[in-house]
Amino acid sequence: MSHSSTQINKHLKSLQKHLADEHPDNPTLAKAVKSFRKMDYVGHSMGLLNNDESYATCVTWWPMIAVLGTFSAGKSTYINSYLNIPLQRTGNQAVDDKFTVICYSRHNEAKTLPGIALDADPRFPFFQISRSIEEISETGQERIDAYLQLKTCPSENIRGKILIDSPGFDADNQRASTLRLTQHIINLSDLVLVFFDARHPEPKAMQDTLAYLVSASVNRADANKFLYILNQIDVTAQEDNPEEVVSAWQRSLAEVGLVTGRFYRIYNPSAAVPIANPQIRERFEKKRDEDMADINTRIHQIEVERSYRIVGKLEQTAKGIKNQIVSKLSDMLKKWKRRVMMFDSLVFGTLTISAGVALTMSESWDVLKTFPAELTQGETSALAIATFLVISVFYIHFSIRRFVANKLLQKLADEIGNDHEIYKQYMQAFNKSTAAYRPMFLKSPAGWNEVAQQTIDEIINEANDYIQELNDQFTNPSGNGGKNSQI
């Protein structure tokens, strides 16, 4: 076993122990780690994963809240208010262009740790993220500190959760990496708070940002995890027109595809403009309190949602391997074999005809008549020619195999688009299935056999059992009071 695979096993054992210690009354998540490790066996055999990779590190094992939005939308002020600790810089001080992962610590003071702390811990959503960011990979692992940092604080509100504060979308610095990391965060989060600035009622100026934030949520199966928050709504109190401001934002979001959902209207009382009119102040405070209560309720729910999300990811990944990846790879293998045989026929047929024509025109057929005899008598020149011909045939054949495989992968890249992780899986698995040492007559992708299929079926059944366990823990439709009441 390589050092890298030993290291990932060590990480996963640590994760399993951590989850068992954290949730002694709920063993489901610790058992789910075992199922992920079983699925890793299939992934490694097929080439979908490298030896130092695991499906278990593709999910975040702590409930996760992402805070996204435009620059100066009040994200940091909201976070500080939620934590009851002035952790994030606000106002004119808000110059961070990094993603900040915030988690609980028993220490009485807040601490800031470098991004490498996140890259090396599988419990966080950025485990080994340095490999996925081209700019970091090319310039060395220390560059991760330019994108990420970890802050710890003793706030009870964040205990057992991860909060991620993103840099403002308006900044152009590192924009490509920022968007790529944002997409990574969105995919892993249990809840996504998207902040907009009510002080800028002309959303047209931020159409690019709106388009990206909304395109990240529209048509997603988990679109309900996005909460759109119109922050600092107190600025509309002077004209008393919050409905007009909300309508303007809703129209802009509709133009970029979002026609469902609602805006939460909030502001921070300590940072708000004083509202002189008591009736208007009461109306704004009532709406703010209602919306804040709704947001806090959703945050409170993510502990339960986290468990279902992880088990759902386990089942989704297993079914994806069985129903999508294997099917796609098998289809690509059929096309590959067919095209290799076609190119072999064309190339070798053309070479044979060309050689025949050349021999006829040069009247060299007599050379071929004596060639077998010379070969059996051990003539060095004849043996060398035979060896050369055999090597040439193999070289041409395997060059054709590689050429056709690369063409199919190029087509796949065009089909998949910008999802680098999915393409990487297919590329590695297809390269393994079309490797020079693997016979062409094999129909199934490399690593996909009866044992692998049985393992995937077991994992899908285990995921269903885990869902049942979670239902027994969090629901009780029968109302008979038993902890293990049957659904």
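Source: prediction; values computed, not measured.

Asks: I'd like to hear about the nonpolar core, residue by residue, with values.
Replies: If you look at the biggest cluster of nonpolar residues, it comprises 49 residues, and the most contacted ones within it are F36, M39, W61, I321, W336, F430 and I456. Mapped onto this core, the elements with two or more residues apiece are α1 (3–22), α2 (28–46), α9 (278–362), α11 (380–416), α12 (420–433) and α13 (450–474). Counting residues per element, this core draws most heavily on α9, at twelve residues. Discounting residues that sit within four places of it in the chain, M39 has contacts with Y55, L314, T317, A318, I321, I456 and I459. By size, the runner-up hydrophobic cluster in this structure holds 33 residues, among which are W62, Y228, V245 and F263.

Asks: Now, about the sheet that holds strand β1 (residues 64–69): what can you tell me, with residues and values included?
Replies: In a beta sheet, neighbouring strands are held together by backbone hydrogen bonds and run either parallel or antiparallel to one another. One open sheet accounts for eight strands, arranged β3-β4-β2-β5-β1-β6-β7-β8; its pairing is mixed. Looking at the sheet topology across the chains shown, the edges are occupied by β3 (111–114) and β8 (263–265). Strand-to-strand twist across the sheet, computed as the mean angle between neighbouring axes with direction ignored, equals 25 degrees. Bridging between strand β7 (residues 226–231) and β8 involves three bridges; their strand directions are parallel. Among the inter-strand pairings, I229 is bridged to a residue of β8, identified as Y264.

Asks: Any chance you could break down α13 for me, citing the residues and the numbers?
Replies: Relative to the 36 Å expected for 25 residues at 1.5 Å per residue, α13 spans 36 Å between its end C-alpha atoms, a close match to the ideal helical length. Of the positions making up α13, those classed as buried are A452, T455, I456, I459, I460, A463, Y466, L470 and D472. Of the residues flanking the start of α13, the one acting as N-cap is N449, its side-chain oxygen 3.2 Å from the backbone nitrogen of V451.

Asks: An account of the side chain of R438 is requested, with residue identities and associated values reported.
Replies: If you trace the backbone, R438 turns up in the loop between α12 and α13. One buried charge, R438, has no salt-bridge partner; the nearest side chain with opposite charge is E450, at 14 Å. When residues no more than four places from it in sequence are discounted, the contact partners of R438 are R401, K432, S433, S444, P445 and A446.

Asks: A description of the pattern of salt bridges should follow, citing residues and the corresponding values.
Replies: Under the criterion given, the structure shown has twelve salt bridges. In this structure, the salt-bridge partner of R159 is E156, at a minimum N-O distance of 2.9 Å. A salt bridge links D190 to R309; its shortest N-O distance comes to 2.3 Å. You can see D190 sitting in the loop between α6 (175–188) and β6 (191–197) and its partner R309 sitting in helix α9, a full 119 residues away along the chain. Overall, the relative accessible area of 6% leaves D190 in the buried class. Given a relative accessible area of 19%, R309 falls into the buried group. If you follow the salt bridges from partner to partner, you end up with K38, E458 and E462 in one network.

The rules behind each value
Residues numbered from 1 in each chain as written. Predicted model: local features only at pLDDT ≥ 70, side-chain atom pairs only at ≥ 80, totals over all residues. Heavy atoms only, no water. Core = buried A, V, L, I, M, F, W, Y, C linked by side-chain atoms within 4.5 Å. Buried < 20%, exposed > 50% of the residue type's maximum accessible area, 1.4 Å probe, protein only. Helix = DSSP H or I, 4+ residues; strand = E, 2+ residues; numbered from the N terminus. Contact = heavy atoms within 4.5 Å. Pairing = 2+ DSSP bridges. Axes fitted to C-alpha atoms, helices over the stretch in contact; angles between N-to-C directions. Expected span 1.5 Å × (residues − 1). Polar contact = N/O pair within 3.5 Å; in protein donor to acceptor, adjacent residues only side chain to side chain. Lys, Arg positive; Asp, Glu negative; His and termini not counted. Salt bridge = Lys/Arg side-chain N within 4 Å of Asp/Glu carboxyl O.

The values reported here are purely geometric and, on their own, carry no functional implication.
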